[in-house]
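# Coordinates in review
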Amino acid sequence: MSTPHLIALDIDGTTVNHEGALSPAVRDAVTAVADAGHHVTIATGRGIIGTLPILDRLGLTTGYAVCANGAITLRLDPTSDAGYEIVESVTFDPAPALTALREHFPSALVAVEELGVGFKVSAPFPDGELDGIPEVVSFDELMSTPVTRVTLRDPSATSEEFIERTARIGLHGVEYAVGWSAWLDITPEGVSKGAALEVIRRWLAIEPQHTVAVGDQRNDVEMLRWAARGVAMGNAPDEVKAAADEVTGDVDDDGLVDVLTSLL
């Protein structure tokens, strides 16, 4: 058997396509590397309730999962009622960032995650963009308690506009990543998928040279740089490809399969 590796996989645009479909070839490849003794770890911007169905479809019931771009780490436990326990949860005060962003993105929708429950939102998001049943609350309530992540969404803007305006604001004390659309995730300073995966690597006693990460978006850059073998999907933006060691095929062509089978 080959040396066990820590294999970190993004979900959307990497493991499942942009319609949320998981191909049988990808599922079988994930099963094969897990059965070979590798530690398959989902690392996603999704919240807990959006991550659990993917873990179930992949047949992953043990190990770890990283959610909310690194702010939440789960230990999977098939013996527990929920199937997991939260072993790390990093929060921050969202008020300063939200106050600054509201001035520059007055029409943006805002969401904060309630762990394992869903989201509180400033107004309804487009259908299918948030997991669970969002609860509409006042802006003051969104800022009232520490959270693991804040999400901004402006259906009228482009990701390029988000990048330009967010950089101009100069947010302090937080990390942020712009998604494929006009979608901005804000997490506590120092939190990223890569940082969370490094903790898991140490828990599992995996050597750094035995780490692999596969992703397709800007929130994957840190984990691609963290891994000894960082792989960008063919559908990734150029800046994500530039941060990777190699580029595989498009998600619609099951590009992840080639990466996983190379580890068998």
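Residues numbered from 1 in each chain as written. Predicted model: local features only at pLDDT ≥ 70, side-chain atom pairs only at ≥ 80, totals over all residues. Heavy atoms only, no water.

An unreviewed UniProt entry lists the protein chain under the name HAD family hydrolase, from Ornithinibacter aureus.

Below, the discussion takes up the layout of surface pockets. Its boundaries defined by the atoms lining it, the second largest pocket holds a volume of some 300 Å³. In terms of lining, the second largest pocket is formed by 16 residues, of which the most central are Tyr176, Ala177, Arg218, Asn219 and Glu222. The set of elements that each furnish at least two residues to the lining of the second largest pocket consists of strand 10 (174-178), strand 11 (183-188) and helix 7 (221-226). At four residues, strand 10 tops the list of elements feeding residues into the lining of the second largest pocket. (1 Å grid on protein atoms, 1.4 Å probe; cavity = no way out; pocket = protein on both sides within 12 Å on 5 of 7 lines; lining within 4 Å. Points joined across faces, edges and corners; volume = space filled by probe spheres on them. Helix = DSSP H or I, 4+ residues; strand = E, 2+ residues; numbered from the N terminus.)

When you line up the elements, threonine 261 lands in helix 9 (residues 255-261). According to the relative accessible area criterion, threonine 261 is partly exposed, its value standing at 38%. Between the alpha carbons of threonine 261 and aspartate 245 there is a distance of 17 Å; along the sequence they are 16 residues apart. (Buried < 20%, exposed > 50% of the residue type's maximum accessible area, 1.4 Å probe, protein only.)

This paragraph deals with the pattern of salt bridges. Inspection of the entire model under this criterion finds 15 salt bridges. Glutamate 113 is the salt-bridge partner of arginine 149, the closest N and O atoms lying 3.2 Å from each other. Taken together, the residues span a long stretch of sequence, with arginine 149 in the loop between helix 4 (139-142) and strand 9 (150-153) and glutamate 113 in strand 6 (residues 109-114) at a distance of 36 residues. The exposure class of glutamate 113 is buried, given its relative accessible area of 8%. Residue glutamate 164 pairs with arginine 168 through a salt bridge whose shortest N-O separation is 2.6 Å. Of this pair, glutamate 164 and arginine 168 both sit in helix 5 (residues 159-169), four residues apart, which is roughly one turn of the helix. One network of salt bridges, with partners in common, ties together Asp10, Lys193 and Asp220. (Salt bridge = Lys/Arg side-chain N within 4 Å of Asp/Glu carboxyl O.)

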